Amino acid sequence: MHGRVRIFGVNRMDRQEQIELLAERYRSPRYRKPNPQADVIMPGGNPGCGDVVTIYLTVADDGKSIADVTFEGEGCTISQAAADLLIEAVREEGWSLDDVLSADYHVMEELLGSETVQLRPRCATLALGTLKAAVTKFKRDRLREEAGLAAVEAENAQYGIVTGEAAHDAAQHRTPH
């Protein structure tokens, strides 16, 4: 991980400057746009207040680097500005998938200011949690593909075989022969 987010220095801003930055990035986000061709499209939400962020993640051919990341969303100023600022940091600093997974929520304090994160932690961290989920899904899907699980599942479906929790559920609700 890049240790500290370098491009903003929000914690060096006074409170009014932080508010102005958040309001500006809410009104005019730089990275809000759908990408239907993304490798992973991951929605995330904050049920407590209705914030929604969808991350569009495209991974580079090396399977380790982020080629592109954008977002769409609806919600409060903090959740939407946080998504835009996070994506800018990821893009400008060239984060890898592992960088995303190793990032803790303190990175959002560096992007938004500690007071903002402390006052509205779920809103402030929604984008990072959703980006982490997108990376995890990409890695999980890659492992499934490499292990040939899709082919096994297709063959099982052809013969009516269920495995895992589905097998347990099916046994509970089976009809006798």
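Residues numbered from 1 in each chain as written. Predicted model: local features only at pLDDT ≥ 70, side-chain atom pairs only at ≥ 80, totals over all residues. Heavy atoms only, no water.

On to the overall build of the protein, then. Tallying secondary structure elements over the protein gives 8 helices and 3 strands in all. Listed by position from the N terminus, the elements making up the protein come as α-β-β-β-α-α-α-α-α-α-α. Taking 16 Å as the expected radius of gyration for a compact globule of 177 residues, we find that the protein reaches 20 Å, considerably beyond that expectation. The principal-axis extents of the C-alpha atoms in the protein amount to approximately 70 × 35 × 25 Å. (Helix = DSSP H or I, 4+ residues; strand = E, 2+ residues; numbered from the N terminus. Rg over C-alpha atoms; globule rule 2.2 N^0.38 Å.)

Attention shifts here to helix 2 (residues 77–93). Here helix 2 spans 24 Å end to end across 17 residues, near enough to the 24 Å set by a 1.5 Å rise per residue. Across the 17 residues that make up helix 2, a large majority, 14, are buried. Positive backbone phi, approximately 65°, marks Gly94, located one or two places after helix 2. (Expected span 1.5 Å × (residues − 1). Buried < 20%, exposed > 50% of the residue type's maximum accessible area, 1.4 Å probe, protein only.)

Time to look at the pattern of salt bridges. By the definition in use, this model includes 6 salt bridges. Here Arg25 ties to Asp84 by a salt bridge, and the two come within 2.7 Å at their closest N and O atoms. Highlighted residues: Arg25 in helix 1 (residues 15–27) and Asp84 in helix 2, separated in sequence by 59 residues. For the pair Arg25 and Asp84, a shared accessibility class is recorded, and that class is buried. Look at the salt bridges and you will find they share partners, linking Arg25, Arg30, Asp84 and Glu88 into a network. (Salt bridge = Lys/Arg side-chain N within 4 Å of Asp/Glu carboxyl O.)

Counting 40 residues, the largest nonpolar core has Ile55, Leu57, Val69, Leu86, Met108, Leu112 and Leu131 as the members making the most contacts within it. Those elements giving two or more residues to this core turn out to be helix 1, strand 1 (40–46), strand 2 (51–59), strand 3 (66–74), helix 2, helix 3 (97–102), helix 4 (106–112) and helix 6 (121–147). Each residue touching Leu131, except ones within four places of it in the same chain, is listed here: Ile55, Leu57, Val69, Leu86, Val90 and Val100. (Core = buried A, V, L, I, M, F, W, Y, C linked by side-chain atoms within 4.5 Å. Contact = heavy atoms within 4.5 Å.)

When pLDDT is averaged along the protein, the result is 88; 90% of the residues meet or exceed 70. Taken as a whole, residues 1–7 scores under 50 in pLDDT and shows 23 contacts with residues more than four places along the chain or in a different chain. (pLDDT = per-residue confidence, 0-100.)

Glancing now at the environment of Val90. With respect to the helices and strands, the residue Val90 is situated in helix 2. According to the relative accessible area criterion, Val90 is buried, its value standing at 2%. The spatial distance from the C-alpha of Val90 to the C-alpha of Cys76 is 22 Å, given a sequence separation of 14 residues. Beyond its immediate stretch of four places on either side in the chain, Val90 contacts Ile66, Val69, Trp95 and Leu131.

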